[in-house]
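# A closer look at the structure
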Amino acid sequence: MTTQSQSLVDDIVGYYGGFFGTWLIAIGRQSGILEALRDHGEASPQELAERLGYAESYVATWCRGAYAFKLVDHSAGRFSLPAEAATVLLDSTNPSFMGGRGEFFSMLRRDFEMFPERMADGAPYPMAERPAQVADTMQAATLPDAPNAVANVFPQLAGLEDALRGGGRILDAGCMLGGGLATFAEAFPEAELVGIDAVQRFIDGAGSRLGSRATVRRMDVREMPYEDEFDLVWCNIALSHTWGADPEVIEALKRALKPGGWLVVSDVPHPATVEDLRSPSGRMFVGVTMYVSLLGPGLLTQDELLEKLGAGGFRQVVLADQPARTRMMVGAQKA
């Protein structure tokens with residue numbers, strides 16, 4: 001075997017390993033093992049099994065696997081969760097949170113199973129036809145986005161925080177199960193909240209979660225009746241996953257804003273060049289691109305998003321400085 005061939009084999013072994021790492025994260029979160037290690041400190045597999053009511057042999061198997069992927073530490077038969085792992089895997093209020101993607105990515109099995117068929121017939125796989133669990137896992141993957149925006153993006157947008165704290169109006173265009181609206185309800189208790197989504201079960205979930213605190217409606221963004229009504233229009237991964245970013249969509253989002261109001265778009269920052277895909281985050285975005293392509297709209301690069309919003313006639317377009325590497329957040333102010 002040539003050196004080049006061996007290098008490729010090593011790379012492929014790593015890719016297959018990443019599959020198992022995704023499942024170890026998902027199982028660790030769903031089973032409560034990660035939380036138990038965070039809350040109670042180091043433990044042996046036997047102690048974890050007794051605490052959680054699980055079979056020791058399976059807990060031990062998970063612990064060894066998690067150690068292999070540097071998710072937990074090990075010493076003398078006992079396992080512990082490093083503080084940085086607790087933050088990245090369990091703290092959904094932290095911009096660096098990555099835990100929810102474990103459940104979401106493991107839910108995409110059907111997307112990849114059907115991809116060869118869709119390559120042949122060109123048909124989509126719309127969100128409304130996907131398993132109900134996709135909504136919950138997608139919500140888990142996007143939980144840190146609204147808190148990140150409240151903490152790090154909104155302060156950069158002139159007048160926005162004052163408007164929202166003074167009883168302004170917020171529209172979440174693509175609200176899914178209402179996670180973003182729940183964040184805004186807590187951060188801005190005087191604000192009026194409205195959410196729309198194209199998928200009825202998302203709207204049902206958001207309505208159950210928020211009750212009378214928000215008005216949620218099934219609606220296509222192009223059919224919104226709103227004009228000059230909102231201080232903030234929040235659009236989290238909805239351009240890439242639901243609405244698209246064509247001029248009609250951008251105009252509808254802008255029309256809903258009050259003069260001086262802000263559209264804030266949070267989305268996946270697709271690499272700008274083919275060469276940029278050869279990086280750890282680039283490889284993750286390739287996987288995202290594959291399932292998003294089945295939805296229809298597709299991912300945007302940073303320059304594409306800025307160009308589309310700039311062409312939409314906003315007073316100013318601001319690329320926000322924020323800490324999440326897996327998101328780009330852009331504010332666009334209506335004149």
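Note: the structure precedes this text.
As a starting point, this report considers the structure included with it. (Residues numbered from 1 in each chain as written. Predicted model: local features only at pLDDT ≥ 70, side-chain atom pairs only at ≥ 80, totals over all residues. Heavy atoms only, no water.)

One can describe the packing of helix 1 (residues 3–31) onto helix 4 (residues 56–68) by two numbers: an axis separation of 10 Å at closest approach and a directional angle of 130 degrees. When the interaxial angle is binned, helix 1 and helix 4 end up oblique. As for how helix 1 packs across helix 4, the hand of that crossing is left-handed. Listed contacts from helix 4 to Leu24, Ile27 and Gly28 of helix 1 are Trp62, Gly65 and Ala66. (Axes fitted to C-alpha atoms, helices over the stretch in contact; angles between N-to-C directions. Helix = DSSP H or I, 4+ residues; strand = E, 2+ residues; numbered from the N terminus. Parallel < 35°, antiparallel > 145°, perpendicular 65-115°, else oblique. Left-handed = near helix turned anticlockwise from the far one by under 90°. Contact = heavy atoms within 4.5 Å.)

Let's shift gears to the nonpolar core. With 30 residues, the main nonpolar core has Met224, Leu253 and Leu263 as its most contacted residues. Residue assignment for this core shows that the elements contributing at least two residues are strand 3 (169–173), strand 4 (192–197), strand 6 (230–236), helix 13 (238–243), helix 14 (247–256), strand 7 (257–267), helix 16 (302–310) and strand 11 (328–333). It is helix 14 that contributes the most residues to this core, 5 residues altogether. If we skip the residues at most four places from it in the chain, Leu253 touches Ala173, Val221, Met224, Val233, Cys235, Leu239 and Leu263. (Core = buried A, V, L, I, M, F, W, Y, C linked by side-chain atoms within 4.5 Å. Buried < 20%, exposed > 50% of the residue type's maximum accessible area, 1.4 Å probe, protein only.)

Right, let's get into the side chain of Asp111. Examined against the element boundaries, Asp111 turns out to sit in helix 7 (residues 109–121). At a separation of 2.5 Å, a polar atom in the side chain of Asp111 contacts the side chain of Arg130. (Polar contact = N/O pair within 3.5 Å; in protein donor to acceptor, adjacent residues only side chain to side chain.)

A word on the layout of surface pockets. By volume, the largest pocket amounts to about 1900 Å³. Gly18, Thr22, Phe105, Pro280 and Met284 are the residues nearest the centre of the largest pocket, which is lined by 45 residues in total. Taken together, the elements giving at least two residues each to the lining of the largest pocket come down to helix 1, helix 5 (83–90), helix 6 (100–106), helix 7 and helix 15 (280–295). Classifying every residue of the lining of the largest pocket by side-chain character gives 28 nonpolar, 11 polar and 6 charged. (1 Å grid on protein atoms, 1.4 Å probe; cavity = no way out; pocket = protein on both sides within 12 Å on 5 of 7 lines; lining within 4 Å. Points joined across faces, edges and corners; volume = space filled by probe spheres on them. Nonpolar A, V, L, I, M, F, W, Y, C, P; charged D, E, K, R; others polar.)

Tallied over the full model, the rule gives 4 cavities of 30 Å³ or more. Of the voids in this model, the largest cavity is the one considered here, and its volume is about 140 Å³. Taken together, 15 residues line the largest cavity, and the ones lying closest to its centre are Arg101, Val268, Val288, Tyr291 and Arg327. When residues of the lining of the largest cavity are traced back to their parent elements, those giving at least two are helix 6, helix 8 (133–142) and helix 15.

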